[in-house]
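# Structure assessment
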Amino acid sequence: CSFCTIPLARGKSRSGNVEETMVKAREIASSEVKEVVLTGVNIGDFGYGTKEGLIDLLIELDKLEQINRFRISSIEPDLLSNEIIEFVYKSKRFVPHFHIPLQSGSDKLLQSMRRRYDTELYKSRIEKIKDLMPKACIGVDVIVGYPGETEEEFNKTVHFLKSLPISYLHVFTYSERANTTAPRMGEIVPMEERRKRSKQLRILSLKLKQQFYQNNLGKTEKVLLENQEDGYHYGFTENYIKVKLPAQKVKKNEIVSVKLNEINNDFEVFSNLV
């Protein structure tokens, strides 16, 4: 992308193959780990330059009965194929949680950023996920203040985000990076304006998260307990809702069923065992 220095620092995409990765996965499966997060610089490019792809790895990982949950981290929308979405929907272990970078809701800026998708493709991915998995959590990366981002282009991003059934945002304020082409791609946005737009989107993110949590109240979900503090257990549901429940006869690293009751000011959902 025009704003990114990762290719300069790390070179072209490369990865292990399915067999090599499964050796590591089986090693993890022999431990007490219950959840694994798949991550990488560009995870959708897994198998780049070979006959294998990310879907081949997902199929093999899904067979590992010792691991209760697999979570896919950030994946580009053009690499998040309908085949992968449908696989997660049918999977025994992959959870309904996606983090899909957008960066801008303006097709003009996406082209300037050299992103390999447009808003139409992005929206189709979100709709596909929600059609199959209505309770899915969807996080979105957005950059504000990219060169050439006029107020009109920024408002396109705001309106586009509001039109999508997404759950939260990761908001990044654009900053110049040496040896990138972005600073030459348009008029520079003043830093004060960048901060103003960033704040606006962070407020929107809080509203989206509040609504997503609210939509899940009253439901029963499975929670992996990650830690205990001040008389409470904390953990996350499969669809990435942070849960808080009174310490009872359960322990860390245990998966329990809870009813989601009430949201507190720290975006934790008070729950009880069921």
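Here goes a summary of the coordinates provided. (Residues numbered from 1 in each chain as written. Predicted model: local features only at pLDDT ≥ 70, side-chain atom pairs only at ≥ 80, totals over all residues. Heavy atoms only, no water.)

Right, let's get into the pattern of salt bridges. Across all of its chains, the model carries twelve salt bridges by this definition. Its salt-bridge partner being Arg115, residue Glu76 comes within 2.6 Å of it at the nearest N-O pair. Taken as a pair, Glu76 in the loop between strand E2 (69-72) and helix H4 (82-90) and Arg115 in the loop between helix H5 (107-112) and helix H6 (119-132) lie far apart in primary sequence, 39 residues in all. In this structure Arg115 comes out as buried when scored by relative accessible area, which is 12%. In this structure, Lys242 engages Glu268 in a salt bridge whose closest nitrogen and oxygen atoms are separated by 3.6 Å. Here Lys242, found in strand E8 (residues 242-246), pairs with Glu268, found in the loop between strand E9 (255-263) and strand E10 (269-273); they are 26 residues apart in sequence, far enough to count as distant. (Salt bridge = Lys/Arg side-chain N within 4 Å of Asp/Glu carboxyl O. Helix = DSSP H or I, 4+ residues; strand = E, 2+ residues; numbered from the N terminus. Buried < 20%, exposed > 50% of the residue type's maximum accessible area, 1.4 Å probe, protein only.)

Further remarks concern the sheet that holds E8. Each strand in a sheet pairs with its neighbour through backbone hydrogen bonds, running either in the same direction (parallel) or in the opposite one (antiparallel). With mixed pairing, the five strands of this closed barrel are ordered in space as E6-E7-E8-E10-E9. Strand-to-strand twist of the sheet, defined as the mean angle between neighbouring strand axes without regard to direction, takes the value 50 degrees. Across five bridges, strand E7 (residues 232-237) lies against E8 in antiparallel orientation. Its bridge partner being in E8, Gly235 is matched across the sheet by Val243. Contacting strand E6 (220-229), E8, E9 and E10, helix H8 (residues 191-216) runs over the sheet at an angle of about 115 degrees to E9. (Pairing = 2+ DSSP bridges. Axes fitted to C-alpha atoms, helices over the stretch in contact; angles between N-to-C directions. Contact = heavy atoms within 4.5 Å.)

Another point: the packing of helix H2 (residues 18-29) against helix H3 (residues 54-61). As a packed pair, H2 and H3 sit with axes 10 Å apart at the nearest point and diverge in direction by 35 degrees. For the element pair H2 and H3, the recorded crossing hand is right-handed. Counting all contacts with H2, which are made through Val18, Thr21, Met22 and Ala25, the residues of H3 involved are Asp56, Leu57, Glu60 and Leu61. Taken together, the residues that form the contact of H2 with H3 break down as five nonpolar, one polar and two charged. (Left-handed = near helix turned anticlockwise from the far one by under 90°. Nonpolar A, V, L, I, M, F, W, Y, C, P; charged D, E, K, R; others polar.)

Sheet faces and side chains relate simply in a regular strand, where the side chains alternate between the two faces. Bridge count between E6 and E9: five bridges; the pairing is antiparallel. In the strand pairing of E9, Val223 is matched with Val256. As defined by bridge partners, E9 adjoins E10 across five bridges and the pair is classed as antiparallel. Following the sheet pairing, Glu262 is matched in E10 by Phe270. Remark: five residues form the turn of the hairpin made by E9 and E10, two consecutive strands paired antiparallel; Phe267 in that turn has positive phi of roughly 55 degrees.

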